[in-house]
Structures are given as structure tokens and as C-alpha cells.
Amino acid sequence: MSRDLLTDLELMILLAVLRVGESAYGVTIAREIEGTAGRSVAIALVYATLERLQERGLVTSWMGDPTPERGGRAKRFFEVTGKGIRQIKTTQSALTALWKGLPELRGNEA
Amino acid sequence: MRTPTRLPKTLLQTLAPGEPALVGDLDEEYRRGKSGFWYLGQVVVAIGVGAFKGIAAHPGRVVLTTAVGWAVMLLFFATIGDPLSFDTGYWLAIRFPDFEALVGRNVWMAAPYVPAWLCGFCLASAVVALSDRSRPASSLVAFIASVLVVMCGAAIMVRVYPHPVRVPHPLFYVIFTGLPISGGAGSSSSRS
């Protein structure tokens, strides 16, 4: 059975990759999540999640050039695929459907 | 240019070598002002994540290396640790009778088992790490987790098991291997 919905961390990481754009790699993705969503994520966890997403075909990755400020190590850049975008939309629809019709969450009362 | 200390980086490269870009990312953040404590925390998470990925990917290999670790630890304890600790305990009891009276016979006799247990545990951990060089963190985490489970099990067992265990007896070694400091283990064990 294929998983249609993303977990909260998977969704956050995919959205962060989209927000960061072409320069999306471990550091910038973790920073984007922390800066925008206020959630601190370990970089190793970002890579582990992205590896899982890549296995499912939701992201692609490629290695950049080695740079001196990284001790001569290359960055691994990520990009969300078309399948990844569709998965984000599916998850968004499911969450929105759950959200609708709840009087407790209407306006700022919650 | 700030350079992170060598130990965390070596640990990361040795125990969780899966993601080559990760070391560069951590170095980059450290040079931008993150603390050494942050770096160490990231390394610990990376080792943990790598370990669980390895366990999920190769459960059979992890079970095998854990079994090897236990075999080494029990063998060490049965052949070297136990006789040496027992003799040392008696020697201490005779040499320092005042201390024995102060802390109690069980504790005084069990004290030499702690370094013996530590030696056996370190030796077994080294064998486990060496027997799985591609992802040593997975096997080490599984082995240490199994030791912790046995420790808890032994702690419960020595409280509820009413009969003394004759020595030599596999149960005695499992109890003492799992629970190095235990008056309970001492009281539920008797030498024949």
C-alpha cells in the first residue's frame, strides 16, 4: 500500500525545499524550518527524511562543488519533483478537509 | 577560521558514515558561530539516526553482532571476570575488615565485579563494532540496548526470583553480566 499523506516533518521539509529554491541543502533547509515554523530540526534528521522522500520519488538530489568553508566538502542540493508537489497538495487537501467545520478552530477562538 | 574538535567529527565519520555532505554542513554551521555543544548534539543525533536506519535495513546482521557481543561478554565473565572478582572480593574482605563491616558484606564482595563487568562490556562492544565495520553504530546501539534490557530484566528478576542460583549456572552469569552492582544478585546466588 502506497503512502499518500506526508508526516508533519516530511511536509515541513518539502515546503522548506520549495521556499529555499535552488540553494536548498541541509543547512538552508534546517534554517528555513527553524526561522519560519519555529521548529529546531537536526541536520541529520533532515538528510534522513530527504533520503526517504527521494526513495519515494518526491525529491531529487545532486552534489555541488567542494568549498573551503566546508573543509573541502561538497553540498548536496535537493529539489521537489512533480510527484512531490502532488503529494504536498494531497496532504494539504486532507488537512484542510479535517480542518473544515470545526467551530473550535473558527477565527481566533482556539 | 574555527575548526571543530576532532573527536565528534571522528565519531561521526566512524559510526555514521552514511551522508558525506553532513560533515560539511556541520563544519559550515560551526564556522558561522554555532557552539561545540551544538556540534556534539548534532553528531549524537546523526549517530542515532544512522543506527536506526542500519537496524531497519539489516536486522539479521544486527541480531548476529549482538549475539556475538553477548557471547564475548559472557565468556569473558565466566573465564576471567568472575574468578578474578571473587578472589579479589575475598582478598579485600580479609585485608580491609573494617570497610566490610562499614558497607556490608554483599556490597564489599560485589565491588570488584564492577571493573570486571566494565572490562567485559568494553571488550564486547569493541568486538561488536569491529564485526560490523560498514555501520558499527547500528550494531553498537542494538547491543547496548540489549544490555540495558537485560539489566532491567535482571533487576526485576532478583527481586521476584525466590531461589538461590547455584554457581556455575548460566543464569548467574546473565544476572551479573546484566547487573554488575547488585546486592540482590549476590543474595540470590550461592556458590556450590
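Structure's up top.
Given the structure is predicted, the values throughout are model-derived calculations rather than measurements.

Visitor: Got a minute to help me understand helix H7 (residues 113-131) of chain B in this structure?
Guide: Quick reminder: α-helices carry 3.6 residues per turn. Residues three or four places apart thus point the same way. All names here are of chain B. Taking 1.5 Å as the rise per residue, H7 with 19 residues should run 27 Å; its terminal C-alpha atoms sit 26 Å apart, in good agreement. Within H7 the residues assigned to the buried category are Tyr113, Ala116, Trp117, Gly120, Phe121, Ala124, Ser125 and Val128. Projection of H7 onto a plane perpendicular to its axis shows the buried side chains occupying an angular sector of 165°, all on one side.

Visitor: Would you explain the state of the cysteines in this entry?
Guide: Residues and elements named next belong to chain B. Considering all chains together, one arrives at 0 disulfides over all chains under this definition. Residue Cys119 stays outside any disulfide, its sulfur separated by 6.9 Å from that of Cys122, the closest cysteine. On the basis of relative accessible area, Cys122 is assigned to the partly exposed category, the value being 48%.

Visitor: How should I be thinking about the interface of chain A and chain B in this particular structure?
Guide: Frequently, the measure chosen for interface size is the accessible area that the parts lose on association. Each partner contributes to the interface: chain A provides 20 residues, whereas chain B provides 22 residues. There are 3 salt bridges connecting chain A and chain B. Between Glu51(A) and Lys53(B) there is a salt bridge, with the nearest N and O atoms lying 2.9 Å from each other. Where chain A meets chain B, there are 5 residue pairs in polar contact (both at pLDDT 80 or more). At the level of elements, helix H2 (26-37), helix H3 (43-55) and strand E2 (73-80) of chain A are the ones that each hand at least two residues to the side of chain A that touches chain B. With 6 residues, H3(A) is the largest single contributor of residues to the side of chain A that touches chain B. The residue makeup of the side of chain A that touches chain B, split by class, is 11 nonpolar, 2 polar and 7 charged.

Visitor: Teacher, can you tell me more about a nonpolar patch on the surface here?
Guide: All names here are of chain B. Residues Trp91, Phe96, Phe99, Leu102 and Val103 make up a contiguous nonpolar surface patch of about 530 Å² in total accessible area. If you tally residues by element for the nonpolar patch, the top one is helix H5 (residues 97-103), at 3 residues. Mapped onto the elements, Trp91 comes out in helix H4 (residues 59-95).

Visitor: Would you explain the packing of aromatic side chains in this entry?
Guide: Each aromatic ring pair is specified by the distance between its two centres and by the angle formed by the two planes. Enumeration over the complete set of coordinates arrives at 7 aromatic pairs over all chains. Taken together, a centroid distance of 5.8 Å and an interplanar angle of 75° make the contact between Tyr25(A) and Phe77(A) edge-to-face. Here the residue Tyr25(A) occupies a position in the loop between helix H1 (8-20) and H2, and Phe77(A) occupies one in strand E2, the gap between them amounting to 52 residues. Assigned by exposure class, Tyr25(A) and Phe77(A) land together as buried. When the ring of Trp70(B) is compared with that of Phe143(B), the centres are 6.5 Å apart and the planes differ by 70°; the resulting orientation is edge-to-face. Of the two residues, Trp70(B) is situated in helix H4 and Phe143(B) in helix H8 (residues 136-160); the sequence distance between them amounts to 73 residues. Joined through ring pairs, the aromatic side chains of Trp70(B), Trp117(B), Phe121(B) and Phe143(B) make up one cluster.

Criteria and cut-off values
- Residues numbered from 1 in each chain as written.
- Chains lettered and ligands numbered in written order.
- Predicted model: local features only at pLDDT ≥ 70, side-chain atom pairs only at ≥ 80, totals over all residues.
- Heavy atoms only, no water.
- Helix = DSSP H or I, 4+ residues; strand = E, 2+ residues; numbered from the N terminus.
- Expected span 1.5 Å × (residues − 1).
- Buried < 20%, exposed > 50% of the residue type's maximum accessible area, 1.4 Å probe, protein only.
- Arc of directions from axis to C-beta.
- Disulfide = S-S within 2.5 Å.
- Contact = heavy atoms within 4.5 Å.
- Salt bridge = Lys/Arg side-chain N within 4 Å of Asp/Glu carboxyl O.
- Polar contact = N/O pair within 3.5 Å; in protein donor to acceptor, adjacent residues only side chain to side chain.
- Nonpolar A, V, L, I, M, F, W, Y, C, P; charged D, E, K, R; others polar.
- Patch = residues over 30% accessible without salt bridge, like charges linked within 9 Å, V, L, I, M, F, W, Y side chains within 5 Å.
- Areas by Shrake-Rupley, 256 points an atom, 1.4 Å probe, with all protein chains shown as cover.
- Phe/Tyr/Trp six-rings, centres within 6.5 Å; stacked < 30°, edge-to-face > 60°.

In short, geometric facts, not functional conclusions.
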